[in-house]
Amino acid sequence: MPLEYLGAPPIASDRQARPFSPAVRAGDFVYVSGQVPANAQGEIVAGGIEAQTRQVMENLKTVLALAGATLDDVCKSTVWLHDARDFGAFNRVYMSYFGENKPARSTTEARLMVDAKVEIDVVAYKPKA
């Protein structure tokens, strides 16, 4: 089964397209590229870890929708936090987006490529109808 590339490469605040797909479907799995707290104009949203986590989660929902998937279909997430001290506040927002069935997750502290406090990528299981 061929790979299906979903969505147009994102445009950042410098108006340049980024060299990756928002998501790629491989059979029944959907791999979503790391999402940062950028708004529709490609600018990082103002605010602390809570506001930025909410923006990332909304961005993930938007990209998952390209494959007809939702956060309920997410089986794995990987999280990068700029500052490990934000872990508790991040977790409170993150948990509010998932019901009882929470995905497997890895979280680490890392210097991010943009001036953001958080980045998240996910893998969803969504068989094609």
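The structure presented is a predicted model; accordingly, all values stated were derived computationally and were not measured. (Residues numbered from 1 in each chain as written. Predicted model: local features only at pLDDT ≥ 70, side-chain atom pairs only at ≥ 80, totals over all residues. Heavy atoms only, no water.)

A.B. asks: I tried to follow the environment of Tyr 125 on my own but got confused; where do I start?
C.D. replies: Structurally, the position occupied by Tyr 125 is in strand β6 (residues 118-125). Distance from Tyr 125 to Lys 61, taken between C-alpha atoms, is 14 Å for residues 64 residues apart in sequence. Those residues in contact with Tyr 125 that sit more than four places away from it in its chain are Asp 28, Phe 29, Asp 73 and Cys 75. (Helix = DSSP H or I, 4+ residues; strand = E, 2+ residues; numbered from the N terminus. Contact = heavy atoms within 4.5 Å.)

A.B. asks: What's the story with the packing of aromatic side chains in this structure? I'm lost.
C.D. replies: Aromatic ring pairs are reported here in terms of the distance separating the ring centres and the angle at which the planes meet. Going through the model one piece at a time under the given rule, you end up with three aromatic pairs. Aromatic side chains Phe 90 and Tyr 94 sit 5.3 Å apart centroid to centroid with 40 degrees between the ring planes, which places their arrangement in the tilted category. Here Tyr 94 and Phe 90 lie together in helix α2 (residues 87-96), a separation of four residues that amounts to about one turn. The same class applies to Phe 90 as to Tyr 94, namely buried. We note Arg 105 situated over the ring of Tyr 94; from NZ or CZ to the ring centre the distance is 4.6 Å. (Phe/Tyr/Trp six-rings, centres within 6.5 Å; stacked < 30°, edge-to-face > 60°. Buried < 20%, exposed > 50% of the residue type's maximum accessible area, 1.4 Å probe, protein only. Lys NZ or Arg CZ within 6 Å of the ring centre and 35° of its normal.)

A.B. asks: Explain the side chain of Gln 52 to me, please; I cannot follow it from the model alone.
C.D. replies: Tracing the chain through its elements places Gln 52 in helix α1 (residues 49-65). Relative accessible area serves as the criterion here: at 4%, Gln 52 is assigned to the buried category. One polar contact links the side chain of Gln 52 to the main-chain carbonyl oxygen of Val 45, over a distance of 3.3 Å. Those residues within four positions of Gln 52 in sequence are excluded, and the remaining contacts are Pro 37, Ile 44, Val 45, Gly 47, Ala 116, Lys 117 and Val 118. (Polar contact = N/O pair within 3.5 Å; in protein donor to acceptor, adjacent residues only side chain to side chain.)

A.B. asks: Help me understand the side chain of Asp 73, please; the structure alone is not making it clear to me.
C.D. replies: You can see Asp 73 is positioned in the loop between α1 and β4 (74-81). Here Asp 73 is buried and forms no salt bridge, its nearest opposite-charge partner Lys 126 lying at an N-O distance of 4.1 Å. In terms of polar contacts, Asp 73 uses its side chain to reach the backbone amide nitrogen of Thr 70, at 2.9 Å. Each residue touching Asp 73, except ones within four places of it in the same chain, is listed here: Gly 68, Val 123, Ala 124, Tyr 125 and Lys 126. (Lys, Arg positive; Asp, Glu negative; His and termini not counted. Salt bridge = Lys/Arg side-chain N within 4 Å of Asp/Glu carboxyl O.)

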